[in-house]
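Here is how the chains run, residue by residue.
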Amino acid sequence: MTSSSHLSRRGLLTAAGVAGAAGLLGATPASASPEPSASSSAPSSASATGRGSAALVVHNASVFTGAGGRAPVEAVAVGRDGRILATGTNASLRRYVGRDTEVVDARRNTVMSGIHDGHVHPLGAGERSLSPSLNGAETTPTELREILTGFLADTGGAGAEPDRWLVVEDWNPVGLLPVGTLPHHAVLDALPTRRPIALVGGDGHNLWANQRALDIAGITAATPDPVGGKVVKGADGQPTGVLKDDAQGLVRRHVPEPTRAELVTACAKVLELAAASGVTTMMDALVGRHELELYRDLSAAGKLPQRIVPAIRLDAEQAKDPAGSLAYARGLRREFEGVRGLRFGMIKVFLDGVIEYPAQTAALLEPYLDGNGRPTGNRGELYTSAADYGRLTAAFNRVGWQMHAHGLGDRAVRTALDGYAYALRTTGRRDARNAVAHLQIVDPADLRRFAQLGVAACMQLQWAAKDTWTMEALLPYIGPGRHRWMYPARSLEKAGARLSGGSDWPVDALQVWNQLRTAIDRQGAFGSGPLYRELEGLDRAAVLRMHTSGTAWQLRQEALTGTVEPGKAADLVVLDRDVTRCPVADISGTGVRMTLVGGRVVHDTDSASGRAASARVAGAAPGPRPASYAAVHAGGRHHACKH
């Protein structure tokens, strides 16, 4: 087989092939019912056994098929219908090379299924990119004011006084120094401005506002906590400026929205970034009408490179009304199901908040500690009861929809499992494929229930390293007994649970390959040490499957994607190293040479746009949750602004 070093990617698919790829991108589960069905469309036998030349052949590769029990695979042929035509040795696939077949030399590096991100907020990443960012830094109040003073100048200066909002993303809710310093609007009120200011927590669960913003929102000592949220108040009963979870909306609704054109442009750029990182499928874990309208615009503009499974978010009040919630979700599906690239059938519910001090809104079975080993009266916030969640799950599972619960604390995890157990008893549906996401603390008594109930354990394992978040902001407040059960990936695997992977981007940085590396060594590129590596680290093959076929199973598209087999959609990545054999630490730096979705090239480092996207991946923030003031100033204030 001959190699082409820099063949044009134009003409990769014939007109018929483009039509086939378009169909694959918009593929939905085949069903006569208007509700989502149990599985994605099965590949046709013609695709698996078709003859003639291929559109593309990648050879000289170390192919991770994800299928297991097969002979080593060196080459992959992609048909003109956007499906995998054949896999095998270099010699055996020569017959698929015709005059117009593109041939790519993988240089002995990995070719594998594209990454399936089972819990991510890509449009949120696009929207955040329009604002200056603190990049999760830890600062003293004085250092923070210095940075924010620069942001005020960068966003209009004197000309923006007194009414232009300053919204700053990626504030670290546990990042005020010295450790234990609590945020208060007085810190922000000392800035030389009258402008309303809102710092949005990088965890998505906290917002810190100055007094001007509180006044605009009408938040006073008399303001009650909204359902699913908390207005934090001091010992004097007055608001501190911190708003948790659904209380953030009290301020956010007053912030002017960017234009639709600005949003589409920003979101298109972050989707290019995801493609350059090797992501081919994403479950958007927080979707309403606003996000669906954005997806419709992106798809119409040809700027939606991934397959998207939107998870329609229900709030705490909706969770108490199964019939009304089902009607709401069906209405959105009817309105947007024609958008190419989207597949409906997923519902998202927040069961609790976040666990780190000072937020401590994750729901725990036993109370938080006071930092000195003494129990407090706080067990966190449980936003939906097991009974309500069970009835809601049963209503959706009965008609083929799946549930995806945000559950960080062990009490929230148990609540989700109790709800799923009720739904199973009520509906008898054993293949519902409901999920719990995050799983920061899981009580060992609940580990086996995942397999027993057929529940996916969707984990964000880039967090599973020793750092400020897992140590200083957590260990003293839960104690070593519970801390040992942080992100118990191997324990869940041993108990028979199906693992799926997600980034939770932009809550965390989109650093796909460091995410996979951290799941193995529990330290990653940025941890200060391993977090229970011997107990909870996964082996390399398990991690690769978790982020491909495991998540494809969670999303009911394992018949279409997730493994490299004839007949499957050609959702593939060509990497710059062999991630199946290189030192584990080297996985973090993996580069993606090419990404295909349905046989269509959506990222290519040989193209100008691909080089630019790869450069953005390489130039991303220096790590997930930077732990120092210096990290914000690396490259100057404009680095934090992303300018």
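Look above for the structure.
Residues numbered from 1 in each chain as written. Predicted model: local features only at pLDDT ≥ 70, side-chain atom pairs only at ≥ 80, totals over all residues. Heavy atoms only, no water.

Asks: Got a minute to help me understand the overall build of the chain in this structure?
Replies: A count of helical and extended segments in the chain gives 21 helices and 24 strands. Here the chain, with 643 residues, has 59% of them falling under the buried criterion. Taking all contacts inside the chain whose residues are at least 6 apart in sequence as the whole, residues at least 24 apart take part in 75%. (Helix = DSSP H or I, 4+ residues; strand = E, 2+ residues; numbered from the N terminus. Buried < 20%, exposed > 50% of the residue type's maximum accessible area, 1.4 Å probe, protein only. Contact = heavy atoms within 4.5 Å.)

Asks: Help me out: how do you make sense of helix α16 (residues 512–521) in this one?
Replies: At 3.6 residues per turn, the α-helix brings residues three or four places apart onto the same side. Of all 10 residues in α16, 10 are buried; the element is thus mostly enclosed. Where α16 is concerned, the buried positions are Val512, Trp513, Asn514, Gln515, Leu516, Arg517, Thr518, Ala519, Ile520 and Asp521. Downstream of α16 by one or two residues, Arg522 has phi in the positive range, about 55 degrees.

Asks: Sorry if this is basic, but what is going on with the packing of aromatic side chains here?
Replies: One pair of aromatic rings is described through two measures. These are the centre distance and the angle between the planes. The full count for this structure, using the stated rule, is five aromatic pairs. Each ring, one from Tyr357 and one from Tyr477, has its centre 4.5 Å from the other, and the planes form 5 degrees; the classification is stacked. Taken together, the residues Tyr357 in the loop between β15 (346–350) and α11 (386–398) and Tyr477 in helix α14 (residues 475–483) connect sequence positions 120 residues apart. For Tyr357, a relative accessible area of 23% translates into the label partly exposed. (Phe/Tyr/Trp six-rings, centres within 6.5 Å; stacked < 30°, edge-to-face > 60°.)

Asks: Help me out: how do you make sense of the side chain of Arg556 in this one?
Replies: In this structure, Arg556 sits in the loop between α18 (540–554) and β22 (572–575). Here Arg556 falls in the buried class, since its relative accessible area comes to 5%. For Arg556, the side chain forms a polar contact with the main-chain oxygen of Ala432, separated by 2.9 Å. (Polar contact = N/O pair within 3.5 Å; in protein donor to acceptor, adjacent residues only side chain to side chain.)

Asks: Explanation requested: the sheet that holds strand β2 (residues 62–64) in the structure shown.
Replies: Spatially, five strands are ordered β2-β6-β22-β23-β24 in an open sheet, and the strand pairing comes out mixed. Looking at strand neighbours, the two that pair on one side only are β2 and β24 (600–604), the edges of this open sheet. Strand-to-strand twist of the sheet, defined as the mean angle between neighbouring strand axes without regard to direction, takes the value 20 degrees. Inspection of the sheet shows strand β23 (residues 592–597) paired to β24 by four bridges, in the antiparallel sense. From the neighbouring strand, Leu596 faces β24, where its bridge partner is Val601. (Pairing = 2+ DSSP bridges. Axes fitted to C-alpha atoms, helices over the stretch in contact; angles between N-to-C directions.)

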